[in-house]
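Okay, here's what each chain looks like letter by letter:
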Amino acid sequence: MASDSRYPRTPPSVPQVSHYRDDLDSERYSSADFATYTVQIPPTPDNQPMEFSKVPSSKERVEDQYASSSLFTGGYNLATRSSLKGKVIESETSHPQMTGVNGSECALPGCDGRVMSDERGNDVVPCECGFRICRDCYKEVMRTDDGICPGCKEPYEGKNAEELKLDKLQALSKMERRLSMMKSASFNRSSPNEFDHNQWLFETKGSYGYGNAMWPKDDGDGNSNGFGDPADLADKQWRPLTRKLSISAAILSPYRLLILARMVVLGLFLAWRVRNPNEDARWLWGMSVVCEIWFAFSWLLDQLPKLSPVNRVTDLDVLKRKFETPNQSNPTGKSDLPGIDIFVSTADPEKEPPLVTANTILSILAADYPVEKLSCYVSDDGGALLTFEAMAEAASFANLWVPFCRKHDIEPRNPDSYFNLKRDPFKNKVRQDFVRDRRRIKREYDEFKVRVNGLADSIRRRSEAFNAREEIKALKKQRENAIDEEVENVKIPKATWMADGTHWPGTWTVTAPEHSRGDHASIIQVMLKPPSDEPLKGTEADSRFMDLTEVDIRLPLLVYVSREKRPGYDHNKKAGAMNALVRASAIMSNGPFILNLDCDHYIYNSEALREGICFMMDRGGDRLGYVQFPQRFEGIDPSDRYANHNTVFFDVNMRALDGVQGPVYVGTGCLFRRIALYGFDPPRMKERSTCCNHFFARRKKAASVASAPEISNGNHSLGMGDPENEEMTTALIPKKFGNSYMLIDSIPLAEFQGRPLADHPSVKNGRPPGALTMPRQLLDASTVAEAISAISCWYEDKTEWGERLGWIYGSVTEDVVTGYRMHNRGWRSIYCVTKRDAFRGTAPINLTDRLHQVLRWATGSVEIFFSRNNAIVASGRMKFLQRIAYLNVGIYPFTSIFLIVYCFLPALSLFSGKFIVQSLNVTFLTYLLAITLTLCLLAMLEIKWSTVTLEEWWRNEQFWLIGGTSAHLAAVMQGLLKVIAGIEISFTLTSKSSGDDNDDEFADLYIFKWTSLMIPPITIIFTNLIAIAVAFSRTIYSTNPRWSELVGGVFFSVWVLTHLYPFAKGLMGRRGRTPTIVYVWSGLLAITISLLWVAIDPPSNNSDIGGSFQFP
């Protein structure tokens, strides 16, 4: 392959030669005679690859600047419009990639337009004479004056040979030119005779090819003396990008044996419980046995997927050597890594502060990944101008922050987190100008925060001023038109105005028709245009704040997106917003991988993207649907009272699932393969036959493979995972994906670019090295206009978006369902735990907020259980233990029914004087001891292989009971009412009392907000406390005290109260300041329970207690 070829290919006349030991007949050849080698043939006189100009023409650069500096709007029954923005924020911007930064004024008289600028900020002029002309005037000249330059009076075409060369390729569409890198084409030069390869080989002595073959070496006399040094080949031995580290057998074997032992003990215990009922209290015995059977079943569902936990590590040095080091396939060492599109979602700037979102954006722009391969899309589902201008401010500040991070290797690259670090910021910093640069950036960041926090007031004042001006204009016009008539008060809409004095097309502060949260047009604004293909070092003009002469100052592509919303359409919340970004990004940048982040989750480890790509680009990586990173949180109280870190789930359950078919998708911090989101099957997929398939799956035809366009020379094609397994013909593709042919054409390109390198015989379905070193295509207005159409509210009508494609609709936990669908089609997933946290975010530390968060998760699980996404009816492509894990996801909320009954059993036992067993005999106590010991030993081993702490494990156990008796029970009720009666209920906050100490970092922990979810746990606490007091008093004053029954009941009551202790602390607030409503509820519940007990079991010889009171 030629070093100067922009579109690498393998011509059929001179194929790539690759031989491996396994291909040779072992009886004819020995391993000593042959070694694994690969030779790639460069261009010869008859082998000249097709070349495109690497340097874009002036026209293309002008179109790119225009598309990047214009605000595009459109939607249902609306024409797509573009408005060139001179500025998008009131503060000054200087980076040439920034929207609104244009060149000099147009030289044509009477024109106030601006000349477009390049990546350096220099004017882009279409003529060599240097005459400055804006885009609109240039188009007008080309249309009316036959393309004559107004400056030199010469035709533009005559001055630009590049455009003439590109004009010859106009027969090829833009997408066809992009796809040409995957097609094997041959453009042979015409010659009278066929080229003689044998003669060429003889003349060059076989030395014109390159690779890792050991060519014969000649001695001084020209005689061959054998092969070269084999050590040269060993040094270039193929190495994997990732490694799987199995858990030590000394830990895993006892762990599995303990699981088996506990299963046996539980089986024997339940059998003994069923055969030995308590004849004195069958009702108590029956309820306890049913609950214990369910608990054993629930424990089994949770424990079985944990049989094969694994750990994985990546090798970033190998990644750099393979993809970013000069080699035969990539002589310049340009990055051959695939592109990544990062999605950041936000919906309401009042609930999600714009400063938090802006810091997340800055951490993305500063990530350690090739700038030209990175794109960031911000989804503003609220269509708020506040979010828009905050993103523009972030793009402007990135001009300083990103080069500072690259120059001094800053970690983390979220400015707020970095400047609030409690460790020494000067540690390991060797550059002498670090202190000066840090001080200047800190000052600039403080000013940036002031600007962002003041945007709301700035927008309000600006809008009031413009609205007042419009009212004056309208009033003046009315007075001129009605001289003799009485002038009425003029009413104009209270619009929200942008910085350039135009109406904001999204949601207005004072809502109006077509300008409200649920009714506004589609909006796309490129905040930072695509960077140049080559590194761009800073100049003296860029070094006003710090020396950037050795720093790449380019910034990744940043795009603001707000999809269209109209009344009468179901916009499907976050899932719908994500699907809109999938389509828009496919048209504009088409990165083969997608990383989605919540607006409050930022990149904490700048190399996290590289670590995720290691798994996707490794051997077998083409069968990975997504790479899930663990969620880590900041701002959690040191004791983690309500298990907000959720470390048991992220470090135990998710690691264990990684050893089966992969972890579930948890909504953020996930790197997707774009093709997997499109609903295609993984390559080399084989059906598994399971009993569940025979009973639940519908009869299917033989598996068919989609007839999507074939890519490269391989036989692999894309298959659509489909319940009916129908063939995906070309006619069906628009019905599935919509009517955007630019989106459809991007599908095979994304599949090809997402393949691993074909640098080893074990790598199946790979791509040739160096295929992704081509420059990125520039944007143009037609491309952005197509993206506007793809995010319109009508686009998904009669398509499969949300049903089989993209994020799946129909559940509040769309993340779990989306991951389930991928696993159901046979994709695998990987859990990437990095040494330094990949991402960090925030989590609610307040009790009420935490309960409502758990309620939403549990409600989604109940919806999954009653839907066709239930793991019981999963396909045969899902592994058995993975099916068990997804079944547990849908079933775990129902445990709350049995849990709340079991929490009341100790109190009922103490009230009635009976126990769940006839007596506390040795058999019962032995079983109880064995069950408890095996649980503790399992917990110790889990702590050993997962690195969670004992305190974290105990906090998880406590909140399991708190959530199970509150949020999970409410979710089951909500789900049953929705399925059976179609009634949807919600649990809202009714009162709030804030903490007094505003300076306390964890002041939110002590805020009490009443919610009806608190009623069951409060009832359990006071019922058990009253029962203990009643039983203790009765036993002391009894003539025949039965201490064994008291001890058994009190033991289990204390077990319940110990688990609910964090909940009780949350009710108390700070320093015991308990809200009045807690006392009210406590008193009512205590009186009710006391009356119940008195009515059910009155004191002896007095059946008339309470006077004439009769309990109903």
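Summarised in this report is the structure supplied together with it. These numbers were taken from a predicted model, which means no experiment stands behind them. (Residues numbered from 1 in each chain as written. Predicted model: local features only at pLDDT ≥ 70, side-chain atom pairs only at ≥ 80, totals over all residues. Heavy atoms only, no water.)

1. A look at the pattern of salt bridges
Part 1 of the argument: As enumerated under the stated definition, the model contains 41 salt bridges in all.
Part 2 of the argument: Residue Asp315 is joined to Arg239 by a salt bridge in which the shortest nitrogen-to-oxygen separation is 2.8 Å. Of the two residues, Asp315 is situated in the loop between strand E7 (310-314) and helix H10 (316-323) and Arg239 in the loop between helix H7 (230-235) and strand E6 (242-246); the sequence distance between them amounts to 76 residues.
Part 3 of the argument: Looking at Asp315, the relative accessible area reads 21%, which means it is partly exposed.
Part 4 of the argument: Arg239 sits in the partly exposed class, given a relative accessible area of 40%.
Part 5 of the argument: Between Glu470 and Arg469 there is a salt bridge whose closest N-O contact spans 3.2 Å.
Part 6 of the argument: Through salt bridges that share partners, Arg632, Glu634, Asp651, Asp837 and Arg840 make up one connected network. (Salt bridge = Lys/Arg side-chain N within 4 Å of Asp/Glu carboxyl O. Helix = DSSP H or I, 4+ residues; strand = E, 2+ residues; numbered from the N terminus. Buried < 20%, exposed > 50% of the residue type's maximum accessible area, 1.4 Å probe, protein only.)

2. Re the environment of Asn739
Part 1 of the argument: Locating Asn739 in the fold gives a position in the loop between helix H21 (733-737) and helix H22 (741-753).
Part 2 of the argument: Exposure remark for Asn739: the relative accessible area of 47% places this residue in the partly exposed category.
Part 3 of the argument: The sequence separation of Asn739 and Tyr795 amounts to 56 residues, and the corresponding C-alpha distance is 7.9 Å.
Part 4 of the argument: Setting aside residues no more than four positions away along its own chain, Asn739 makes contact with Pro734, Trp794 and Tyr795. (Contact = heavy atoms within 4.5 Å.)

3. Quick word on the packing of H10 against helix H17 (residues 608-617)
Relative orientation and spacing of two packed helices are given, respectively, by the angle between their axes and the distance between those axes.
Part 1 of the argument: Where H10 meets H17, the closest approach of the two axes is 10 Å, and the angle between their N-to-C directions is 70°. Relative to H17, the element H10 is oriented roughly perpendicular. Classified by chirality, the crossing of H17 by H10 is left-handed. Counting all contacts with H10, which are made through Leu316, Leu319 and Phe323, the residues of H17 involved are Arg610, Glu611, Ile613, Cys614 and Met617.
Part 2 of the argument: Here the contact of H10 with H17 is composed, by residue class, of six nonpolar, no polar and two charged. (Axes fitted to C-alpha atoms, helices over the stretch in contact; angles between N-to-C directions. Parallel < 35°, antiparallel > 145°, perpendicular 65-115°, else oblique. Left-handed = near helix turned anticlockwise from the far one by under 90°. Nonpolar A, V, L, I, M, F, W, Y, C, P; charged D, E, K, R; others polar.)

4. Examining the sheet that holds strand E13 (residues 602-603)
Part 1 of the argument: Ordered in space as E13-E20-E15, the three strands form an open sheet in which the pairing is mixed. Both edges of this open sheet fall to E13 and strand E15 (632-634), since each of them pairs with a single strand only.
Part 2 of the argument: Relative to strand E20 (residues 839-842), E15 is paired through three bridges, and the arrangement is parallel. Among the inter-strand pairings, Phe633 is bridged to a residue of E20, identified as Gly841. (Pairing = 2+ DSSP bridges.)

5. With respect to the nonpolar core
It is characteristic of soluble globular proteins that their nonpolar side chains tend to be buried jointly.
Part 1 of the argument: If you look at the biggest cluster of nonpolar residues, it comprises 154 residues, and the most contacted ones within it are Ile524, Met588, Phe672, Tyr678, Phe737 and Met1014.
Part 2 of the argument: For Ile524, the contacting residues outside a window of four places in its chain are Ser70, Leu71, Phe72, Val559, Tyr560, Val561, Met588, Val784, Ala787, Ile788 and Ile791.
Part 3 of the argument: One finds Leu319, Ile361, Phe404 and Ile441 within the second-largest nonpolar core, a separate group that totals 88 residues. (Core = buried A, V, L, I, M, F, W, Y, C linked by side-chain atoms within 4.5 Å.)

6. As for the environment of Ala971
Part 1 of the argument: Here Ala971 is to be found in helix H30 (residues 967-980).
Part 2 of the argument: For Ala971, a relative accessible area of 0% translates into the label buried.
Part 3 of the argument: With 117 residues separating them in the primary sequence, Ala971 and Val854 have C-alpha atoms 9.1 Å apart.
Part 4 of the argument: Once residues within four sequence positions are removed from consideration, Ala971 is found in contact with Leu855, Ala858, Thr859 and Val862.

7. Brief notes about the packing of aromatic side chains
Part 1 of the argument: In the structure shown here, the tally under the stated rule is 44 aromatic pairs.
Part 2 of the argument: Ring geometry for Phe629 against Phe839: centres 5.1 Å apart, planes inclined by 90°, an arrangement best described as edge-to-face. Of the two residues, Phe629 sits in the loop between strand E14 (624-628) and E15 while Phe839 sits in strand E20, which places them 210 residues apart along the sequence.
Part 3 of the argument: The class for Phe629 is buried, based on a relative accessible area of 2%.
Part 4 of the argument: Among the residues examined, Phe839 registers a relative accessible area of 2% and is labelled buried.
Part 5 of the argument: When the ring of Tyr678 is compared with that of Trp801, the centres are 6.4 Å apart and the planes differ by 85°; the resulting orientation is edge-to-face. Linking Tyr678 in the loop between helix H19 (674-677) and strand E17 (680-681) with Trp801 in the loop between helix H23 (781-790) and helix H24 (814-824), this pair joins segments that are 123 residues apart in sequence. The pair formed by Tyr678 and Trp801 is uniform in burial state, with each residue classed as buried.
Part 6 of the argument: Taken together through their ring pairs, the aromatic side chains of Phe397, Trp401, Phe404, Tyr418, Phe419, Phe434, Tyr445 and Phe448 make up a single cluster.
Part 7 of the argument: Here the guanidinium or amino end of Arg469 rests over the ring plane of Trp497, the centre of that ring lying 5.8 Å away.
Part 8 of the argument: Positioned above the aromatic ring of Phe959, the side-chain terminus of Arg850 is 4.5 Å from the ring centre. (Phe/Tyr/Trp six-rings, centres within 6.5 Å; stacked < 30°, edge-to-face > 60°. Lys NZ or Arg CZ within 6 Å of the ring centre and 35° of its normal.)

8. What to know about a nonpolar patch on the surface
Part 1 of the argument: Nonpolar side chains collect at one region of the surface, where Phe1032, Ile1036, Tyr1037, Trp1043 and Val1047 lie side by side and expose about 600 Å² of accessible area between them.
Part 2 of the argument: Mapped by element, the contributors of at least two residues to the nonpolar patch are helix H31 (1015-1036) and helix H32 (1043-1059).
Part 3 of the argument: By the secondary structure assignment, Val1047 is in helix H32. (Patch = residues over 30% accessible without salt bridge, like charges linked within 9 Å, V, L, I, M, F, W, Y side chains within 5 Å. Areas by Shrake-Rupley, 256 points an atom, 1.4 Å probe, with all protein chains shown as cover.)

9. Some details on the pairing of strand E3 (residues 70-75)
Part 1 of the argument: The element E3 is extensively covered by neighbouring structure, given that six of its six residues are classed as buried.
Part 2 of the argument: Residues Ser70, Phe72 and Gly74 line one face of E3 and the alternating positions Leu71, Thr73 and Gly75 line the opposite face, and both faces are buried.
Part 3 of the argument: Hairpin connection of E3 to strand E4 (residues 78-84): two residues between the antiparallel strands, including Asn77 at a positive phi of 60°.
Part 4 of the argument: Direction of pairing for E3 relative to strand E10 (residues 522-528): antiparallel, over a ladder of four bridges.

10. Structural notes on unusual backbone geometry
Part 1 of the argument: A cis geometry characterises the amide bond from Glu411 onward to Pro412, with omega recorded as -10°.
Part 2 of the argument: With respect to the element layout, Pro412 can be found in the loop between helix H12 (385-408) and helix H13 (415-419).
Part 3 of the argument: You will see that Glu514, though not glycine, has its phi angle at about 65°, which is positive.
Part 4 of the argument: The partly exposed category is assigned to Glu514, whose relative accessible area is 43%.
Part 5 of the argument: The phi angle at Asn572 is positive, at roughly 60°, despite the residue not being glycine.
Part 6 of the argument: Within the secondary structure layout, Asn572 lies in the loop between strand E11 (557-562) and helix H16 (573-588).

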